[in-house]
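Spelled out from the first residue to the last, the chains are:
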Amino acid sequence: MTDAAKRPLKVVLALKWNHKDIYDAKVSVTVIDSCYVPGKLHEGLPNGKAGIPEMEYLTFDFTHKGGTCSDLVKTVDQTIQIKFSSVKPNATVFAVVNGEVAGQDTKPFPKGK
């Protein structure tokens with residue numbers, strides 16, 4: 001496990017109804033230095049992780065460059081649209097740094113309109 005992945009990151013998932021059965025999933029990850037480079041927020045589990053069928057999974061990938069980094073705490077946000085299914089009443093997001101899970105959050109889907 002890399003040193004960067006050993007430091008937990010604060011992860012916040014916010015789900016907001018958009019239309020029909022589509023929700024906006026906004027993920028906010030607080031990084032703790034300037035060497036974190038955000039990648040893509042996408043549906044699915046991190047590589048090598050197993051889940052349960054009753055959960056919608058999201059992964060927000062980051063790279064930690066290493067080397068000389070400044071102590072810069074900032075929040076990185078990304079939003080994607082995901083489809084609600086009554087068999088998956090909750091969503092979990094993982095923040096992954098250099099292939100290792102560094103934080104997560106789980107929220108229930110709010111009621112639609």
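Residues numbered from 1 in each chain as written. Predicted model: local features only at pLDDT ≥ 70, side-chain atom pairs only at ≥ 80, totals over all residues. Heavy atoms only, no water.

## Quick look at unusual backbone geometry
Unlike most non-glycine residues, K20 shows phi in positive territory, near 45°. Mapped onto the elements of the fold, K20 is located in the loop between β1 (10-19) and β2 (22-31). The exposure class of K20 is exposed, given its relative accessible area of 74%. Phi is positive for N98, close to 50°, though the residue is something other than glycine. (Helix = DSSP H or I, 4+ residues; strand = E, 2+ residues; numbered from the N terminus. Buried < 20%, exposed > 50% of the residue type's maximum accessible area, 1.4 Å probe, protein only.)

## Digging into the nonpolar core
What tends to happen in soluble globular proteins is that the nonpolar side chains get buried as a cluster. Formed by 23 residues in total, the largest nonpolar core has its most connected members in L13, V27, V29, L58, F62 and I82. Elements that contribute at least two residues to this core include exactly β1, β2, β3 (36-43), β4 (55-64), β5 (74-83) and β6 (90-97). For this core, the leading source of residues is β2, giving 5 residues. For I82, the contacting residues outside a window of four places in its chain are L15, D21, I22, Y23, A25, E43, E56, L58 and F109. (Core = buried A, V, L, I, M, F, W, Y, C linked by side-chain atoms within 4.5 Å. Contact = heavy atoms within 4.5 Å.)

## Here we look at the packing of aromatic side chains
One pass over the structure, following the stated rule, counts 5 aromatic pairs. Judged by centre distance (6.0 Å) and plane angle (55°), the ring pair of Y23 and F84 falls under tilted. With Y23 in strand β2 and F84 in the loop between β5 and β6, the pair connects residues that are 61 residues apart, well separated along the chain. Residue F84 is classed as partly exposed on the basis of its relative accessible area, which comes to 28%. Judged by centre distance (6.3 Å) and plane angle (20°), the ring pair of Y57 and F94 falls under stacked. (Phe/Tyr/Trp six-rings, centres within 6.5 Å; stacked < 30°, edge-to-face > 60°.)

## Points about the sheet that holds β3
Taken together, the 4 strands give an open sheet; going across it, the order is β3-β4-β6-β7, and neighbouring strands pair in mixed fashion. At either margin of the open sheet sits one strand with a lone partner, and together these are β3 and β7 (100-108). The mean inter-strand angle of the sheet, taken between neighbouring strand axes irrespective of direction, is 20°. Sheet analysis places β4 next to β6, joined by 8 bridges and oriented parallel. Bridging across to β6, T59 finds its partner in F94. (Pairing = 2+ DSSP bridges. Axes fitted to C-alpha atoms, helices over the stretch in contact; angles between N-to-C directions.)

## Quick look at the environment of F60
Structurally, the position occupied by F60 is in strand β4. Taking the C-alpha atoms as reference, F60 lies 12 Å from N47; in sequence the two are 13 residues apart. Setting aside residues no more than four positions away along its own chain, F60 makes contact with V27, V29, P38, G39, K40, L41, V76, Q78, F94, A95 and V96.

## Side note on the environment of G44
Among the secondary structure elements, G44 is positioned in the loop between β3 and β4. The exposure class assigned to G44 is partly exposed, which follows from its relative accessible area of 24%. Taking C-alpha positions, G44 is 17 Å from F109, a pair spaced 65 residues apart along the chain.

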